[in-house]
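Structural overview
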Amino acid sequence: MTLADTQRGDRVSIVALRITGAERRRLMDLGFVPGTELRVGIRSPLGDPVAYHLRGSVVALRAAQAALIEVEPCS
Amino acid sequence: MLLTLRRARRPENPVDRGCATCPMAGSAAVHRHGLTTEGADYVVALAGNPNTGKSTVFNALTGLRQHVGNWPGKTVARAEGAFLAAGKKFKLVDLPGTYSLLSNSADEEVARDFILFGRPDVTVVVADATALERNLNLALQVLEITDRAVLALNLMDEAERKGIAVDHRALARDLGVPVVPMAARRGQGVRDLVDVVARMATGELACRPHRVGSFEPELEAAVQRVADALRQAHPGLPNARWVALRLLEGDPNVIREALAGTLGEGAHSQILSIEEVGKS
């Protein structure tokens, strides 16, 4: 599943980033690296973007970006 | 992938006449980035993520002695200022706030180019003590490029308010560079930062920054081969290893600069082409 399929409060860990190039590097620079655990935060009023809590900070991603990040639930 | 670097003659630019060992060399480097070093003994670059209080640190150091303009040829704003310390004049250049030096945006290109090719005497990385993990991404990248860096650990008051305690001494040991805890908006740590910067600029303080170790054998061999070729093409190139990694990664900006001959100031040669010659 991807980050776009998650709900608020879900705790997931990143499996892979299904994108290459500058966008991939940008996501990694913000902390979205395979193996990272994160918590899904609030969704903005129109549904997009969504806040994600990781590495002690919060990053907002659009649905289009979230759909590129493959995740699995944390056990 | 094998890179073939061939040389060509390029018309001499008067500003490039200084070579690495000549006192002109530093001036040539910063001139390219639109700065004048008249009257300044040292150049200090200020880097850091957005929202780390970098502007506050900049203002605290320079007071009203600032000038705001643009980086040459770009729409990215630049603030320059100056401060005096230990009887010397320091020129302070505020780099755009960036999360990294590797992504392809004008801001990050400007910041990276200045740290790598502008050769500031000291690079100060301002970090947010409440989001240290994310901020260390840029700090570690800076340490790959230069060994004259200081980490200004700002927003310590905010960290205290949130119940976050940072062991800045352990951090300094791990990073291999000085770490100065600060709360710039309260004026705390500013004098300490000035002192550390001054001592590093004069050479009194040296550091051994933490660097990524060597890579897997295949990659390491490739990096060394490319770095050696680069050093031959551009003898004055700072950190050929870093540039080699960017070329192997296919960084379009670095490749463009390599082909345009703007990689090393003082270089009278140019890389004609970068070819992929089969797999190695």
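Here's what I pulled together on the structure shown here. (Residues numbered from 1 in each chain as written. Chains lettered and ligands numbered in written order. Predicted model: local features only at pLDDT ≥ 70, side-chain atom pairs only at ≥ 80, totals over all residues. Heavy atoms only, no water.)

**Some words on the overall build of chain A**
On a plain count of helices and strands, chain A comes out with two helices and five strands. Written out in order from the N terminus, the α and β elements of chain A read β-α-β-β-β-α-β. In terms of overall dimensions, chain A is globule-like: its C-alpha atoms have a radius of gyration of 11 Å, near the 11 Å expected for 75 residues. Every one of the 75 residues in chain A was classed for burial, and the buried ones make up 39%. (Helix = DSSP H or I, 4+ residues; strand = E, 2+ residues; numbered from the N terminus. Rg over C-alpha atoms; globule rule 2.2 N^0.38 Å. Buried < 20%, exposed > 50% of the residue type's maximum accessible area, 1.4 Å probe, protein only.)

**A closer look at the overall build of chain B**
Looking only at helices and strands, one finds 10 helices and nine strands in chain B. Residues classed as buried in chain B amount to 53% of the 280 residues present. Excluding contacts between residues fewer than 6 apart, the proportion of contacts in chain B whose partners are at least 24 apart in sequence is 70%. Accessible area of chain B: about 13,100 Å², with a carbon and sulfur share of 50%. (Contact = heavy atoms within 4.5 Å. Areas by Shrake-Rupley, 256 points an atom, 1.4 Å probe, with all protein chains shown as cover.)

**Some details on the layout of surface pockets**
By volume, the largest pocket amounts to about 720 Å³. Along its surface, the largest pocket is lined by 24 residues, and B:L102, B:N137, B:Q141, B:V212 and B:R246 are the ones closest to its centre. Broken down by secondary-structure element, the contributors of at least two residues to the lining of the largest pocket are α1 (22-29) of chain A together with α4 (132-145) and α9 (240-249) of chain B. Take the lining of the largest pocket: its biggest share by element is seven residues, from α4(B). (1 Å grid on protein atoms, 1.4 Å probe; cavity = no way out; pocket = protein on both sides within 12 Å on 5 of 7 lines; lining within 4 Å. Points joined across faces, edges and corners; volume = space filled by probe spheres on them.)

**Regarding the packing of aromatic side chains**
Residues and elements named next belong to chain B. Per the counting criterion, the structure on display carries two aromatic pairs over all chains. Arranged with centres 5.0 Å apart and planes meeting at 5 degrees, the rings of F83 and F90 form a pair that is stacked. F90 sits in the buried class, given a relative accessible area of 0%. Members of the aromatic cluster, each reached through a chain of ring pairs, are Y42, F83 and F90. (Phe/Tyr/Trp six-rings, centres within 6.5 Å; stacked < 30°, edge-to-face > 60°.)

**Some thoughts on α4(B)**
Residues and elements named next belong to chain B. Under the 1.5 Å per step criterion, the end-to-end length of α4 is 20 Å for 14 residues, consistent within 8% with the ideal 20 Å. Among the 14 residues that make up α4, 10 are buried, leaving the element largely enclosed by the rest of the structure. The complete set of buried residues in α4 reads L132, R134, N135, L136, L138, A139, Q141, V142, L143 and I145. (Expected span 1.5 Å × (residues − 1).)

**Some words on the interface of chain B and chain A**
Interface extent is often summarised as the accessible area lost during association of the parts. Facing 14 residues of chain B, the contacting portion of chain A comprises 10 residues. For the pair chain B and chain A, the summed buried area comes to about 1,000 Å², and 41% of that belongs to carbon and sulfur atoms. The tally of links between chain B and chain A comes to three salt bridges. A:R26 is the partner of B:E108 in a salt bridge, and the nearest nitrogen-oxygen pair spans 3.5 Å. Inspection of the chain B/chain A interface yields five residue pairs in polar contact (both at pLDDT 80 or more). Grouping the amino acids of the side of chain B that touches chain A by side-chain chemistry returns three nonpolar, six polar and five charged. (Buried area = accessible area lost by both parts, 1.4 Å probe. Salt bridge = Lys/Arg side-chain N within 4 Å of Asp/Glu carboxyl O. Polar contact = N/O pair within 3.5 Å; in protein donor to acceptor, adjacent residues only side chain to side chain. Nonpolar A, V, L, I, M, F, W, Y, C, P; charged D, E, K, R; others polar.)

**Focus: the packing of helix α2 (residues 54-62) of chain B against helix α7 (residues 190-201) of chain B**
Residues and elements named next belong to chain B. The interhelical angle for the contact between α2 and α7, taken along N-to-C directions, is 75 degrees, at an axis separation of 10 Å. Considering the angle they form, α2 stands roughly perpendicular to α7. Residues V57, A60 and L61 of α2 form the contact with α7, whose own contacting residues are V190, L193 and V194. Among the residues forming the contact of α2 with α7, the class breakdown is six nonpolar, no polar and no charged. (Axes fitted to C-alpha atoms, helices over the stretch in contact; angles between N-to-C directions. Parallel < 35°, antiparallel > 145°, perpendicular 65-115°, else oblique.)

**What to know about the side chain of B:R134**
Mapped onto the fold, B:R134 is located in helix α4. Lacking a salt bridge, the buried B:R134 has B:D128 as its closest oppositely charged neighbour, with an N-O distance of 6.6 Å. Dropping the residues within four chain positions of it, B:R134 is found in contact with A:L30, A:S57, A:V58, A:V59, B:N49 and B:Y99. (Lys, Arg positive; Asp, Glu negative; His and termini not counted.)

**So, the sheet that holds strand β2 (residues 37-43) of chain A**
Sheets are built from strands that pair by backbone hydrogen bonding, the pairs being arranged parallel or antiparallel. Residues and elements named next belong to chain A. Pairing within the open sheet is antiparallel, and its five strands lie in the order β4-β3-β2-β1-β5. Looking at which strands have only one partner, the edges of the open sheet turn out to be β4 (57-61) and β5 (69-73). Here the strands of the sheet are splayed against their neighbours by 45 degrees on average, with no regard to which way each runs. Direction of pairing for strand β1 (residues 11-17) relative to β2: antiparallel, over a ladder of three bridges. Its bridge partner lying in β2, S13 is registered against E37. (Pairing = 2+ DSSP bridges.)

Remember that the coordinates give geometry; whether it matters functionally is a separate question.
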